[in-house]
Amino acid sequence: MLSDPIAVRDALKGCRYITPLDDEDFNFDDYEAEEDVETLPEADPEEVADRAFREETDYAALMQVGVGSVKPRFETQVRIGERDDENYVMTATGSGAASSSEFEMESWMEIEETENGSRINWGTEADVSGRVAQLGNRVLNPVADKIVNNFFNNIEQQMTDVEESDEGGVTSRLRNML
């Protein structure tokens, strides 16, 4: 799930698309994302693996995030730095801009097996500037927490749907797609 740009887009409220960035003249306004693209468990696992995030690859993402009355639309570029299939680790860096606001971020994620299945460990450091940053941490932190909690709840639901449809082999399938 976490290596599938479509599953990530669907789990991240406000994300219109995440797509490989093939040229530097990408037009965020003109790009039209594919709609109704299947994710696991309905999708063919080979198709999901083919579109998975790739190491050393840039992606364009369009995000709209509401922070109080401020609702910037961030044109974002993300680079997947490391994607270690053997140790189940992925790192990313990115930046985005919206009218009078900008951000830069570094993120990492790893999956580790536990007695009850798998555990996702992750972290992000972000610098925000402009109009959104003027709202301050008392406003930004609860919004960021809500976005992250909703994202992981949605991912967890997607993973539960996969497990319910494919008892037994889902962890191996997901690990092979990270």
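Residues numbered from 1 in each chain as written. Predicted model: local features only at pLDDT ≥ 70, side-chain atom pairs only at ≥ 80, totals over all residues. Heavy atoms only, no water.

Re the overall build of the protein chain
Scanning the protein chain from N- to C-terminus turns up four helices and six strands. Ordered by position in the sequence, the α and β elements of the protein chain form the string α-β-α-β-β-β-β-β-α-α. Whereas a compact globule of 178 residues would reach a radius of gyration of roughly 16 Å, the protein chain reaches 17 Å, a difference of no more than 12%. Considering only C-alpha atoms, the protein chain reaches an extent of 50 × 35 × 30 Å along its principal axes. Across the 178 residues in the protein chain, those meeting the buried criterion constitute 37%. Here the protein chain has roughly 10800 Å² of accessible surface; of this, 41% comes from carbon and sulfur atoms. (Helix = DSSP H or I, 4+ residues; strand = E, 2+ residues; numbered from the N terminus. Rg over C-alpha atoms; globule rule 2.2 N^0.38 Å. Buried < 20%, exposed > 50% of the residue type's maximum accessible area, 1.4 Å probe, protein only. Areas by Shrake-Rupley, 256 points an atom, 1.4 Å probe, with all protein chains shown as cover.)

Thoughts on the nonpolar core
Counting residues in hydrophobic clusters, the biggest one holds 33 residues, and the most contacted among them are I18, F53, I80 and F151. Among the elements that take part in this core, helix α3 (residues 137-165) stands out by supplying five residues, more than any other. Setting aside chain neighbours within four positions, we find F151 in contact with L2, V8, A11 and L12. Core analysis: the next-biggest nonpolar cluster, separate from the first, contains seven residues, L21, F26, A60 and L62 among them. (Core = buried A, V, L, I, M, F, W, Y, C linked by side-chain atoms within 4.5 Å. Contact = heavy atoms within 4.5 Å.)

As for the pattern of salt bridges
The full count for this structure, using the stated rule, is seven salt bridges. A salt bridge links D10 to R9; its shortest N-O distance comes to 3.0 Å. Across the salt bridge formed by E56 and R79, the nearest N and O atoms sit 3.0 Å from each other. Residue E56 is found in the loop between α2 (45-50) and β2 (57-64), and its partner R79 is found in strand β3 (residues 73-84); the two are separated by 23 residues along the sequence. With relative accessibility at 29%, the residue R79 sits in the partly exposed group. (Salt bridge = Lys/Arg side-chain N within 4 Å of Asp/Glu carboxyl O.)

Considerations on the pairing of strand β4 (residues 89-98)
Sheet topology places β3 next to β4; eight bridges connect them, and they run antiparallel. In the sheet register, R83 faces β4, and the bridge partner there is M90. Examined bridge by bridge, β4 and strand β5 (residues 101-114) share ten bridges and lie antiparallel to one another. What sits directly across from G96, in β5, is F103. Connecting β4 to the antiparallel partner β5 that follows it, the hairpin turn spans two residues, and S100 within it adopts a positive phi of roughly 65°. (Pairing = 2+ DSSP bridges.)

Structural notes on unusual backbone geometry
As a rule of thumb, non-glycine residues mostly have phi less than zero, and peptide bonds are mostly trans rather than cis. Residues L40 and P41 are joined by a peptide bond in cis, for which omega reads 15°. Along the polypeptide, P41 turns up in the loop between β1 (15-20) and α2. Backbone geometry at E56 places phi at a positive 60°, although glycine is not the residue there. Under the relative-accessibility criterion, E56 is labelled partly exposed at 48%.

Here we look at the sheet that holds strand β6 (residues 117-130)
In spatial order, the strands read β1-β2-β3-β4-β5-β6; together these six strands make up an open sheet with antiparallel pairing. Strands with a single pairing partner mark the edges of an open sheet, and in this sheet they are β1 and β6. Mean inter-strand twist for the sheet, computed between neighbouring axes without regard to direction, equals 20°. (Axes fitted to C-alpha atoms, helices over the stretch in contact; angles between N-to-C directions.)

Quick notes on the packing of aromatic side chains
Taken as a whole and judged by the stated rule, the model has eight aromatic pairs. Between F151 and F152 the ring centres are 5.0 Å apart and the planes differ by 75°, which places this aromatic pair in the edge-to-face class. A relative accessible area of 12% places F151 in the buried class. A network of ring pairs unites the aromatic residues Y17, F26, F28 and Y31 as a single cluster. (Phe/Tyr/Trp six-rings, centres within 6.5 Å; stacked < 30°, edge-to-face > 60°.)

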